[in-house]
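Structural overview
Take a look at the letters that make up each chain.
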Amino acid sequence: MGDIRTTAGEEMPSTRSERSSRLLRNLGVALLIAAVVVATGFLIRVPKYAAASGYATTSVYAETRSATTGRIAEILVFSGDDVKAGDPLVRLEDDAERAAVGEARSQVAEAESRLSLKSASVAETLRAHNERLRLAELELSYAEEQLKLTRLLHDKGLVSGRKLSDDEFGVTRSRETLRSLRETDLTIGQIEIDVLKQELATKREALERAEAALRDRTIRAPIAGRAFRYTFYVGELLRPDMVLYEVFDGEVNLLKLRVPERYAARVKPGQRVKLRLGTYRTLIPTRFYGQVEAMRDVVEGSGDNNYRVVYCSFDRKDWPVAPGTSANARIRIGRVSLWSLIFQP
C-alpha cells in the first residue's frame, strides 16, 4: 500500500520539470547580469596614468661626465658650490698623460730644430748657387766681348790665330759653365724641407692629441650655475657613463622624470601631469600640475629597470622649489576601459 500524506494548506512540492525550468531561468538571469557587467566595464572609459619619478630642474641644466676612464686624484667642487663655465670640478690621475705631453713637446722641438737647420742650409746653398750663376753670366759676357775684340784685331793682323783660338775656347767654356749652373737640380733641398715639414706636422698632431688627453683628465663645468655632486670618492675608477655633477642655472621650471619603458611609447608632448614634490609631503600633500614638453629619443637603464627620460613644465604656484627636489608624478596617457585599468594597471 502507498503512503498517505496530509497537508495544512502549503503549496504542493515542485515537480522535477518545474525545478529544471527555474534553474535555467536563474542561470539565464545571472548570465544576462554578467554580460551587462562585462559590457559596462568595456563601455566605461577611465583616465590612464603612467607613474614616473624624478626631480625638479632648471631650464639651463647640464650633466657632467668624465670624457675618459680613470681614477679620481682630486675633488675640487662640492654640492651647492657655484661654478662658472670651464671651472675644474674633478682631476683624474694624469702622470702618464703629462709624461706623454712632455715627450711630444720634445719631439716637436727636435723636428722644428731639424727643419730650421735644413731651411738655413738650403737657403745658403741657393744663395751661393745664384751668386755663382751671376758670376758665370758676367764671365760669359766678358768672354764674348773679348772674342769680338780679338776677331777684329785678328782681321787686321794685329793678333795671332792662337789668341783667337784661346778666346773662342774661353767663350765656349763660359757658356758650358753657365749651362751647367742653370741645369743644376736644387729641388732635392726643397723636397727634404717638405719631408721635414710633414714630419713636424705629424709631431704637432701627436702633441695636440697628448694635450687633449691631458685636458680630458680634468673634468670641467659645461655651464655656469650651482653644482650638485653625485656620490664618488678619491681613488674611485670613473667611466664615461657615470654622471658626476648636475649643474643648474635659472629658475626651477622643469621636471626631469623617468617613465618606465612599458609606458614610454604612449607618452607624448602636451600630455597632462599631476605631481607631488618631496619638499611638500605633508599630511595633506600639495599637488602641482604641468605637462610633458619633450622626451629623449633613447631608452636608458639596464635589465628590468629600463626607462625613458621625459621633461615636463609645471606650475610652482609661487612656492619655493630648490633644484634637485624629488618628484613623484602621474602622466595622463589617455583613456582606457575599466577592465583594462583593472587587469592591465
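Residues numbered from 1 in each chain as written. Predicted model: local features only at pLDDT ≥ 70, side-chain atom pairs only at ≥ 80, totals over all residues. Heavy atoms only, no water.

**A word on the overall build of the protein**
Across its full length, the protein carries six helices and 12 strands. Across the 345 residues that make up the protein, the buried fraction comes to 29%. When contacts within the protein are restricted to residue pairs at least 6 apart in sequence, those whose partners lie at least 24 apart make up 78%. Surface exposure of the protein reaches about 22,600 Å², of which carbon and sulfur atoms provide 54%. (Helix = DSSP H or I, 4+ residues; strand = E, 2+ residues; numbered from the N terminus. Buried < 20%, exposed > 50% of the residue type's maximum accessible area, 1.4 Å probe, protein only. Contact = heavy atoms within 4.5 Å. Areas by Shrake-Rupley, 256 points an atom, 1.4 Å probe, with all protein chains shown as cover.)

**Focus: the sheet that holds strand 7 (residues 237-238)**
Pairing is antiparallel in the open sheet, where four strands are placed in the order 5-4-2-7. Strand pairing shows two members of the sheet lacking a second neighbour, strand 5 (218-220) and strand 7, which therefore form its edges. As judged from the two bridges shared by strand 2 (residues 70-75) and strand 7, these two strands associate in the antiparallel manner. Each bridged residue has a counterpart across the sheet, and for G70 the counterpart in strand 7 is L238. (Pairing = 2+ DSSP bridges.)

**Quick notes on the packing of aromatic side chains**
In this structure the tally under the stated criterion is five aromatic pairs. Judged by centre distance (5.4 Å) and plane angle (75°), the rings of F228 and F248 are edge-to-face. With a gap of 20 residues between them, F228 in strand 6 (residues 225-229) and F248 in strand 8 (residues 243-260) connect regions that are remote in the sequence. For F228, a relative accessible area of 25% puts it in the partly exposed group. With a centroid separation of 6.3 Å and an interplanar angle of 90°, the aromatic rings of F288 and W319 are classed as edge-to-face. Of this pair, F288 sits in strand 10 (residues 287-295) while W319 sits in the loop between strand 11 (307-314) and strand 12 (326-337), and the two are 31 residues apart along the sequence. (Phe/Tyr/Trp six-rings, centres within 6.5 Å; stacked < 30°, edge-to-face > 60°.)

**Points about the nonpolar core**
Within the largest apolar cluster, 23 residues are counted, with the highest numbers of intra-cluster contacts made by L255, L257, L275, L277 and I331. Listing elements by their share of this core, those giving two or more residues are strand 1 (45-65), strand 8, strand 9 (272-277), strand 10, strand 11 and strand 12. Excluding residues within four positions of it along the chain, L255 makes contact with Y55, A56, T57, L275, L277, V310, Y311, C312, F314 and A327. Counting 18 residues, the second largest nonpolar core, distinct from the first, contains A62, I219, L238 and V247. (Core = buried A, V, L, I, M, F, W, Y, C linked by side-chain atoms within 4.5 Å.)

**Quick notes on the side chain of T150**
Structurally, the position occupied by T150 is in helix 2 (residues 95-155). Ignoring sequence-local partners within four residues, the contact set of T150 consists of V159, K163, L164 and D167.

**Section: a nonpolar patch on the surface**
There is a patch of nonpolar side chains on the surface, built from I188, I191 and V195 and spanning about 270 Å² of accessible area. Its place among the elements puts I188 in helix 4 (residues 187-216). Owing to a relative accessible area of 49%, I188 belongs among the partly exposed residues under this scheme. (Patch = residues over 30% accessible without salt bridge, like charges linked within 9 Å, V, L, I, M, F, W, Y side chains within 5 Å. Salt bridge = Lys/Arg side-chain N within 4 Å of Asp/Glu carboxyl O.)

**Quick notes on the pattern of salt bridges**
Charged atoms that come close allow side chains of opposite charge to pair. Tallying each qualifying case throughout the model produces 22 salt bridges. For K148, the salt bridge identified is with E145, shortest N-O distance 4.0 Å. Within this pair, K148 and its partner E145 are both found in helix 2, separated by three residues, close to a single helical turn. When its relative accessible area of 55% is taken as the criterion, K148 is described as exposed. With relative accessibility at 47%, the residue E145 sits in the partly exposed group. Salt bridges sharing common partners tie together E74, R91, D94 and R98.

**Here's the deal with the pairing of strand 4 (residues 88-92)**
Sheet topology places strand 2 next to strand 4; three bridges connect them, and they run antiparallel. By the bridge assignment, E74 is partnered in strand 4 with R91.

**What to know about helix 2**
With 61 residues, helix 2 ought to run about 90 Å at 1.5 Å a step, and its terminal C-alpha atoms sit 90 Å apart, in line with that. Backbone geometry just after helix 2 places G157 at a positive phi near 75°. (Expected span 1.5 Å × (residues − 1).)

**Things to note about the environment of K274**
Relative to the elements of secondary structure, K274 occurs in strand 9. According to the relative accessible area criterion, K274 is partly exposed, its value standing at 23%. Between the C-alpha atoms of K274 and G290, which are 16 residues apart in sequence, the distance is 6.6 Å. Those residues in contact with K274 that sit more than four places away from it in its chain are Y49, F288, Y289, N328, A329 and R330.

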